[in-house]
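Chains, contacts and geometry: an overview
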Amino acid sequence: MIKQLLGAMALAVGFSGVANVQAQGRDSVSIVGSSTVYPFATVVAERFGRSTSFKAPKIESTGSGGGLKLFCKGVGAGTPDITNSSRRIKKSEYDDCQSNGVTDVIEVLIGYDGIAIANSRRAPQLAISLKDLYLALAKDIPDADGQLIPNPHQSWNDINPALPATKIEVMGPPPTSGTRDAFAELALGGGAKSIPALKTLSGFDSSQEQEIKSAMEQLGIPVSVYQAYVESKGKKPKGKDIFKTVAYSVREDGAYIEAGENDNLIVQKLEANPNALGIFGFSFLDENGDKVQGSVIDGVEPSFDTIADGDYPVSRPLYFYIKSAHVGRIPGIQEYAMEFASAKAMSEDGYLPEKGLIPLSKEELAQVQADVKSLKRLEM
Amino acid sequence: MAGGGLGSLNSLPKHYGYMAALWAGLPAFFLFLAWLALEGHYIQSMVVGSLPAEIQAMSDDEIGLYYNQLVGYAQGSVDRSMLNEDQIAAANNYQQLVAKGQAMKFLLVGSLAVLGGMLATIRVSPELRARNHVENIFKWILFSCSFIAVLTTLGIVLSVLFEAIRFFQVITISDFLLGLQWSPQMAIRADQVGASGSFGFVPLLVGTLLISFVAMFIAVPIGLMSAIYLSEYASRRFRAITKPVLEILAGVPTVVYGFFAALTVAPFIRDLGESLGLTVASESALAAGLVMGIMIIPFVMSLSDDIISAVPDSMREASLGMGATMNETIRKVLMPAALPGIVGGILLAVSRAIGETMIVVMAAGLSAKLTVNPLEAVTTITVQIVTLLVGDQEFDSPKTLAAFALGLVLFFVTLSLNVIALYVVRKYREQYD
Amino acid sequence: MTKDRFKNTALIQASLKKRYARERRFQMYGKLAVLAGFVFLFVLLFDIVSKGTPAFTQQHISIAVNIDVDALGVSSTASQDEISKADFSSLIKSSLREMFPDVKSRGDKRQLYRLVSIGAEYDLRDKVLADPTLLGKKQDIWMLAHSQAASYLKGQITRVIPEAERKVKNQQMDWLDRLREQGRTKSSFNTTFFTYGDSREPELAGIRAALQGSLFTLMVTFALAFPIGVFAAVYLEEFAPRNRLTDLIEININNLAAVPSIVFGLLGLAVFINFFELPRSAPLVGGIVLSLMTLPTIIITSRAAIQAVSPSIREAALGVGASKLQTVFHHVLPVAMPGILTGSIIGMAQALGESAPLLMIGMVAFIMDVPGGVTDSSTVLPVQIYLWADSPERGFTEKTSAAIMVLMGFLILMNALAIILRKRFELK
């Protein structure tokens, strides 16, 4: 009997001696955000982990919008320290951050990226204009009378006889992605401006209510759109706001295929389907230059130089954002940012341009380095 | 205990020991678990309580960060240079508290064990029915272990149902179940123009069924014919070797099938289709379904094998004795007898196909197209659950809640298939038992 | 009458041929079905083994490096700290330029630098850290080749493919040929694959972190599922009274066995992560979720094993006055143990290969560090396979297949163990 009793007691005492499994302090940087910045961020994280005594950051790819949403959720060890973004933070997101106590945000510009409209190398290279893209992918487009109708185009040569007679099939990212935002703004918005009625509409100020409404009537946009804006925002829209709701809406009838956050997957799908086009960051085009080719847009081919010069019409800056409140609290945040902004990584011969990032100019780089060092707060 | 010898005891001596051990061990174990659950919070509030007032004035989140940092320092992962004097003091305080807690835990758990043991020892007397006592406690332990299954089901139903109800507050059930359009990627900010956010479930259901149908089209004939051949024709030796080899297919992880489907089968089918002049999507339902079918072959095979073997030999012999060939015996005698069981088995296989995730995540599409053409890309319920939830942890938009609504549907569909199948199989078994 | 009988016999005789032909056809269908199963298995395994085998070798290039203190920007008596911060990357680049002095343009230089892996600079740094006397010496150093260069050295990419369609360009091939002629290339067993964690560079990527994550996850799963499963089986087989509650439990277990694994992931996300606030991406949560998933398998097989124990053993024990509990724990369980273990191993194998529920609880992320405990962020082998399968670099295709081979190796090992146990059990 004594044997069993002693055994149980020994077991109990043994249990109590077990070290705690309680929540440990988080000691590695947590990063979320854009899938376009993901390949750059992981490369930096890997080098950072290997070359310093800090732990390598953990990186989840959630899309720019999804990342900023998580980032702005609040301050604390359970929220990410850094979010990558393939577009600048929007005012609405900045306000969201502010109201959740994320008051100090540091913006780091890391370089530029073009949005490539690419297809498989097995198909001929496409030369296309922004207007063609708008007519192919917008949800509603003007018909011959200038009235907006649901997009009727089924194949590319419906839009422009010079284009091939293949079905319109474009794979692109979902709304959580910054690439999608930038594409809607630069390509669809850019293309829509080449249609006079829409361009006029976008020029009106909020005080020109009458003009906006009559332009809307001409285009066949229901007045309810105007009312809905007033209701949700509590102020009168500018012509540009109405223009955005019309021009930035992407087709939902299967011509635009939401292929998920994963740009690699889009590349693989393009390789398998030579008739399809894909929308993704230039770095993926650069990485997969043996499988896919970028289309010529408004006469400019996407390349390192055309994007850096600003000739290529669909290019955008890439950023990441740091939560100031976490700097110094979670080890390694500022050091990681310094590594990112170092000449070793970001200068023309650095390892990031080797991965397809279009580098900043010397002056911009110096400015970014100074900002990271001083943890300059972003004001909007 | 002296005097009467062992014979005067109600139970064997060691049962008194077991009893004492249970009395000592169980309460101590529960105390230990409770301690584990509460210690972290307690230490945090103690440490935070001793911090200077200006730090305590910070928001809870910031205090959490502050605390996280000093814990990191105390555990040796944060460098000293990052901390100020207050934090180092607090970190030392933390370390002391942890050490104290450790000692307290050791002492408390230990003394509770000793106390329990002593109480039990005091109660020990020759008349005590120690064995029954021990056995009752054990029965309760055993019962609670098997009750975990019920708790799991309850947990699944509640967690999925709870979020699904929140979803149905935004999207009506009829819109969900009868809607013909699925584009859940709605705008995530006020000033963004996203998809309209329609949550029609029909395209997903059709896609899921299409892929499952292709899978069954492969798995049922091959699995069933293999089972018939192995149980009725093949020699014992051949069967002994063949069956385990084919069952390897069932043990291959689904992620491997997914890789195989996405990188080998899908491009192959596409090229094959192209050469025949067909347009095949790069993520055709055919590729995912075919590979899923391969995965399910052994499942169908062993279920049908069990059922065919269960048909009494007397029926076989009677038919063969009448001069029927084996083929006729199988088709006219065995099959009708085994049919309900085989149907049940196929239903189980369908439920597996519907719930399969990795193959379709890697090899099927994301766009919800309402089509029954296996050469086109479709999406499935499980693919959408994964796409909606991976990466996004927000629980306030219909987008993420929709995943739970889908989970609920998936759970009930597979559950009812399973219940029907088991019912059919059991009913059939009774005929011959 | 007799005439009719003859007629019948003739009829039967005539139909026999047809019937036998049908019989033969039917048998052939059966053989074809079995054959189809074999063909599928063979194609699957062949596809993976042929894709994965090259990943088990790695390529090194020997570069003459002058470990110059000035180039590194350190003093000749540099401290460890100073060395670890030195710029080994530009040292390697300048060494490469010295070996190929004819390379001048920026683009060509970039191609030249792409011959060696980025891991080379850290290897070199560690080498100098371990032996600071190397400072100031000129030495040939074996460096890990870049994955693209390695694919040429392994012969996976040849000049037959048009230059535009491959990543290794002609001049890189010329340089590599030159190095090969000078005996400056070597191929060896890929130890990196087994000793490193995930990486963005295929040649540096390894499965160590994922393996360790799998190990921790399985440990948690086994610690929970095995005792609970066996106890539940014992209760249901030996103690449970025939009542509604028992029926409820039994129905539940049978149904849980058929619930899709992804639903368990939803449970884990909603209950353990959002409600109990356990850490995301941790083997602890993964293990709990997988243990719930494997529990039905373990319970069902354990029950079968307990059922199979001959009643005579029970009766004998009960007859000599043993209690029910004694009978079960002293006599029934030891006999049933091999069967129970077989079932548990099969359940564990299932858990090892599972990935869908783990996607739900955040075990899919870029994690380089090898996890040190059950609460560290980590991933598991099948999820690592999933992540690599999505990576664009061609080098990852072979890594994915190689990781699959390792995973399948473990599964085969576990199943073999289960079969051996079952065989021994059957002999008894």
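Per chain, residue numbering runs from 1 following the sequence as it is written. Labels follow written order: the first chain is A, the first ligand is 1, and so on. Where local features are concerned, this predicted model is filtered to residues with pLDDT of at least 70; where side-chain atom pairs are given and counted, the filter is 80 or more; whole-chain, interface and lining totals use all residues.

On a plain count of helices and strands, chain A comes out with 18 helices and 13 strands. Taking the principal axes of the C-alpha coordinates as reference, chain A spans close to 95 × 55 × 50 Å. Buried positions account for 56% of the 380 residues belonging to chain A. C-beta atoms are placed from the backbone for every residue, and two residues are taken to be in contact when these atoms lie within 7 Å. By sequence separation, contacts in chain A at least 24 residues apart represent 73% of the contacts at least 6 residues apart. Elements are defined by DSSP. Helices are runs of H or I of four residues or more, strands are runs of E of two residues or more, and each kind is numbered from the N terminus. Put simply, a residue is buried when 20 or more other C-beta atoms lie within 10 Å of its own C-beta and exposed when 12 or fewer do; between those, it is partly exposed, and each C-beta is set from the backbone.

With that out of the way, let us pick up the overall build of chain C. Along its length, chain C carries 18 helices and three strands. Relative to the compact-globule value of 22 Å for 428 residues, chain C shows a C-alpha radius of gyration of 31 Å, a clear excess of over 25%. In terms of principal-axis extent, the alpha carbons of chain C reach across some 105 × 75 × 40 Å. Out of the 428 residues belonging to chain C, those deemed buried represent 47%. Within chain C, counting contacts between residues at least 6 apart in sequence, those at least 24 apart form 77% of the total. For a compact globule the rule gives 2.2 Å times the number of residues to the power 0.38, and the radius of gyration it is set against comes from C-alpha atoms.

Before going further, it helps to spend a moment on the interface of chain A and chain C. Contacts between chain A and chain C engage 27 residues on the former and 20 residues on the latter. The set of elements that each furnish at least two residues to the side of chain A that touches chain C consists of α2 (38-51), β2 (58-59), α12 (263-272), α13 (282-287) and α17 (351-354) of chain A. Residue contributions to the side of chain A that touches chain C peak at seven residues, all from α2 of chain A. Amino acids are sorted into nonpolar (Ala, Val, Leu, Ile, Met, Phe, Trp, Tyr, Cys and Pro), charged (Asp, Glu, Lys and Arg) and polar (every other residue, Gly among them). Its residues assigned to classes, the side of chain A that touches chain C comprises 10 nonpolar, seven polar and 10 charged.

Moving on: unusual backbone geometry. Residue and element names in this part refer to chain A. For aspartate 298, which is not glycine, the phi torsion reads 45° and is therefore positive. With respect to the helices and strands, the residue aspartate 298 is situated in the loop between β12 (296-297) and α14 (304-309). Phi angles above zero are rare outside glycine, and leucine 375 is one such case at about 50°. As for its placement among the helices and strands, leucine 375 is situated in the segment after α18 (362-374).

Moving on, we get to the domain arrangement of chain C. Residues and elements named next belong to chain C. Each domain's extent is set by a domain assignment, obtained either automatically or from a database. When cut into domains, chain C gives domain 1 (2-53), domain 2 (57-197) and domain 3 (208-427). At the interface, seven residues of domain 2 touch 10 residues of domain 3. Counting residues per element, the ones that place at least two in the side of domain 2 that touches domain 3 are α7 (147-153) and α9 (192-195). A per-element tally of the side of domain 2 that touches domain 3 places α9 first, with three residues. The residue inventory of the side of domain 2 that touches domain 3, partitioned by class, reads three nonpolar, four polar and no charged.

Glancing now at the domain arrangement of chain A. All names here are of chain A. We note that the domain assignment places domain 1 (30-113 + 316-374) and domain 2 (114-315) within chain A. Placing a centre on the C-alpha atoms of domain 1 and another on those of domain 2 gives a separation of 28 Å. Opposite the 20 residues of domain 1 that make contact, domain 2 presents 22 residues. Sorting the residues of the side of domain 1 that touches domain 2 by element identifies α3 (64-71) and β4 (105-120) as the ones contributing at least two each.

Once that is clear, we can look at the packing of helix α10 (residues 208-239) of chain C against helix α13 (residues 283-308) of chain C. All names here are of chain C. Helix axes use the C-alpha atoms of the stretch in contact, all axes being lines fitted to C-alpha atoms, and the angles between their N-to-C directions lie in the range 0 to 180 degrees. Taken N-terminus to C-terminus, the directions of α10 and α13 make an angle of 35°; their axes are 6 Å apart at the nearest point. Judged by the sense of rotation from one axis to the other, the crossing of α10 with α13 is right-handed. The residue makeup of the contact of α10 with α13, split by class, is 20 nonpolar, 10 polar and two charged. A clockwise turn of the near helix away from the far one marks a right-handed crossing, whereas an anticlockwise turn of less than a right angle marks a left-handed crossing.

This part covers the pairing of strand β1 (residues 30-33) of chain A. Residues and elements named next belong to chain A. Going residue by residue along β1, you find Ser30 and Val32 tucked away on one face and Ile31 and Gly33 tucked away on the opposite face as well. Strands pair, by our definition, only if DSSP identifies at least two bridges between them. Direction of pairing for β1 relative to β2: parallel, over a ladder of two bridges. Counterpart to isoleucine 31 in the pairing with β2 is isoleucine 59. The pairing of β1 with strand β3 (residues 82-85) spans three bridges and is classified as parallel. When the sheet's bridge partners are listed, valine 32 is paired in β3 with threonine 83.

Moving on, we get to the environment of glutamate 271 of chain A. Residue and element names in this part refer to chain A. Mapped onto the secondary structure, glutamate 271 falls in helix α12. The spatial distance from the C-alpha of glutamate 271 to the C-alpha of lysine 291 is 6.3 Å, given a sequence separation of 20 residues. Those residues in contact with glutamate 271 that lie beyond four places of it in its chain are Ser120, Lys291 and Val292.

Another point: the sheet that holds strand β1 (residues 57-66) of chain C. Residue and element names in this part refer to chain C. Taking strand neighbours across the sheet as the criterion, the three strands line up as β2-β1-β3 in an open arrangement whose pairing is antiparallel. Each edge of the open sheet is held by one strand with a lone partner, namely β2 (138-144) and β3 (185-189). Pairwise comparison of adjacent strand axes, ignoring direction, gives a mean angle of 35° for this sheet. Both β1 and β3 contribute to a ladder of five bridges, which runs antiparallel. Bridging from a neighbouring strand, threonine 57 pairs with phenylalanine 189 of β3.

Residues and elements named next belong to chain B. Orientation of helix α10 (residues 285-310) relative to helix α12 (residues 326-355), taken along the N-to-C sense of each, is 145°, at an axis distance of 9 Å. Remark: the crossing between α10 and α12 carries right-handed chirality. Along its contact with α10, which presents Met292, Ile296, Phe299, Val300, Leu303, Ser304, Ile307 and Ile308, the element α12 presents Leu334, Ala338, Gly341, Ile342, Gly345, Ile346, Leu348, Ala349, Arg352 and Ala353.

Attention now moves to the confidence of the model for chain C. Note on scores: pLDDT gives the predictor's confidence for each residue, bounded by 0 and 100. Predicted confidence across chain C gives a mean pLDDT of 88, with 97% of residues reaching 70 or more. Interface confidence for the predicted complex, expressed as ipTM, amounts to 0.90; the pTM equals 0.85.

A few words on helix α8 (residues 196-203) of chain A. All names here are of chain A. Along α8, the residues classified as buried are Leu198, Leu201 and Ser202. Burial along α8 is one-sided: seen end-on, the buried residues are contained in an arc of 95°. In the core, the buried residues of α8 are packed alongside α7 (178-192), α9 (209-219) and α11 (239-247). Arc definition: directions from the helix axis to the C-beta atoms.

Val108 and Leu188 of chain A together with Ala261, Ala288, Val291, Val300 and Ala363 of chain B are the most contacted members of the largest nonpolar core, which totals 336 residues. If near-sequence neighbours (up to four positions away) are discounted, alanine 288 of chain B is found in contact with Ile211, Ala261, Ile359, Val360, Ala363 and Ala364 of chain B. What makes a nonpolar core is a set of buried Ala, Val, Leu, Ile, Met, Phe, Trp, Tyr and Cys residues, with links drawn between C-beta atoms within 7 Å. With 28 residues, the next largest nonpolar core counts Ile61, Val128, Leu176 and Leu179 of chain C among its residues.

A few words now on helix α7 (residues 202-233) of chain B. Residues and elements named next belong to chain B. How far a helix is expected to stretch is found by multiplying one less than its residue total by 1.5 Å. Helix length check: α7 (32 residues) gives 44 Å between terminal C-alpha atoms against 46 Å at 1.5 Å per residue, within 8%. Bend, at a single residue, is the angle you get between axes fitted to the 7 residues ending at that residue and the 7 residues starting at it. For α7, the principal kink sits at methionine 216 and spans about 25°. The element α7 is extensively covered by neighbouring structure, given that 23 of its 32 residues are classed as buried.

Another point: the confidence of the model for chain A. Mean pLDDT over chain A stands at 82; residues scoring 70 or higher make up 92%. Of all the helices and strands in chain A, helix α1 (residues 2-17) of chain A carries the lowest mean pLDDT, 62, while β3 of chain A carries the highest, 92.

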